[in-house]
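Remarks on the overall topology
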Amino acid sequence: VRFVNSTWIFGKAMCHISHFVQYCSLHVSTLTLMAIALDKDQIILNPLKQRMSLIKGALSISVIWLMATCFSLPHAVYQKL
């Protein structure tokens, strides 16, 4: 819509939310790929060790989302129309 109308018509709040969601999804994707790579690295280096438990997996997901939120908040707060 911004490229068609050459202006942002959704207001200030949606501008902040839009940029937060864009950057948060970017960070979540990147951090998830990093977590998968680290898990595969541990599996290759220690093949006889027990795999990641359900609790560690849930904790990893929570940490990934928390980090992505923290990394994305400055983009949402300081974004200008």
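The residue numbers shown here count from 1 along each chain, following its written sequence. Only residues with pLDDT of at least 70 are given local features in this predicted model, and only at 80 or more are side-chain atom pairs given and counted; all residues enter the totals for whole chains, interfaces and linings. Just so you know, side-chain values use all the structure's heavy atoms and leave hydrogens and water out.

The next point concerns the overall build of the protein. Put simply, DSSP marks the helices as runs of H or I at least four residues long and the strands as runs of E at least two long, and each gets a number from the N terminus on. Looking only at helices and strands, the protein features 3 helices and 0 strands. Mapped in sequence order, the helices and strands of the protein form the string α-α-α. Radius of gyration here is computed from C-alpha atoms only, and the compact-globule reference equals 2.2 Å multiplied by the residue count raised to the power 0.38. Since a compact globule built from 81 residues should have a radius of gyration of about 12 Å, the 18 Å found for the protein marks it as more spread out than a globular shape. In terms of overall dimensions, the protein has a C-alpha envelope of 60 × 20 × 15 Å along the principal axes. Taken across its 81 residues, the protein has 14% of its residues classed as buried. Note on definitions: a residue-residue contact is assigned when non-hydrogen atoms from the two residues lie within 4.5 Å. Pairs at least 24 apart in sequence give 77% of the contacts found in the protein among residues at least 6 apart. Per-residue and other accessible areas follow the Shrake-Rupley method at a 1.4 Å probe size, with only the shown protein chains counted as cover for residues. Taken as a whole, the protein presents about 6,700 Å² of accessible surface, with 70% of it coming from carbon and sulfur. The buried label applies to any residue whose accessible area, calculated with a 1.4 Å probe on protein chains only, is under 20% of its type's maximum; exposed applies above 50%, and partly exposed to all values in between.

Take the state of the cysteines next. Criterion for a disulfide: a pair of cysteine sulfur atoms at a distance within 2.5 Å. Scanning all chains against the criterion turns up 0 disulfides. The closest cysteine sulfur to the non-disulfide-bonded Cys-24 is located on Cys-70, 9.8 Å from its own sulfur. Judged by relative accessible area, Cys-24 falls into the buried class, the value being 7%.

The next thing to look at is the UniProt feature "transmembrane region" (unreviewed entry) in the protein. UniProt positions are given in the numbering used here, feature names are shortened, and annotations may be inferred rather than shown by experiment. With numbering matched to this structure, UniProt assigns "transmembrane region" (unreviewed entry) to residues 58-78. The straight-line gap between the two end C-alpha atoms of residues 58-78 is 31 Å; of that span, 95% is helix and 0% is strand.

With that settled, the discussion passes to helix α3 (residues 54-77). One fewer than the residue count of a helix, multiplied by 1.5 Å, yields its expected span. Over its 24 residues, α3 runs 34 Å from end to end, which matches the ideal 34 Å to within 8%, given 1.5 Å per residue. Bending of α3 peaks at approximately 30 degrees at the position of Phe-71, with proline Pro-74 no more than four residues after it. All buried positions along α3 are accounted for by Gly-57, Ile-64, Ala-68, Ser-72 and Ala-76. Where α3 is buried, its residues contact α2 (12-45). Fitting axes to the seven residues ending at a residue and to the seven starting there, one defines the bend at that residue as the angle between these axes.

This brings us to α2. Taking 1.5 Å of rise per residue, the 34 residues of α2 would be expected to cover 50 Å, and the 50 Å separating its terminal C-alpha atoms lies within 8% of that figure. Burial in α2 covers these residues: Cys-15, His-16, Cys-24, His-27, Val-28 and Leu-31. Summarising the contacts, the buried residues of α2 are in contact with α3.

Moving on, we get to the nonpolar core. Residues enter a nonpolar core if they are buried and are Ala, Val, Leu, Ile, Met, Phe, Trp, Tyr or Cys, with the set joined through side-chain atoms within 4.5 Å. One finds Cys-24, Val-28, Leu-31, Ile-64 and Ala-68 forming the largest nonpolar core, which totals 5 residues. Elements with a contribution of two residues or more to this core: α2 and α3. Considering each element in turn, this core owes the most residues, 3 residues, to α2. If near-sequence neighbours (up to four positions away) are discounted, Cys-24 is found in contact with Trp-65, Ala-68, Thr-69 and Ser-72.

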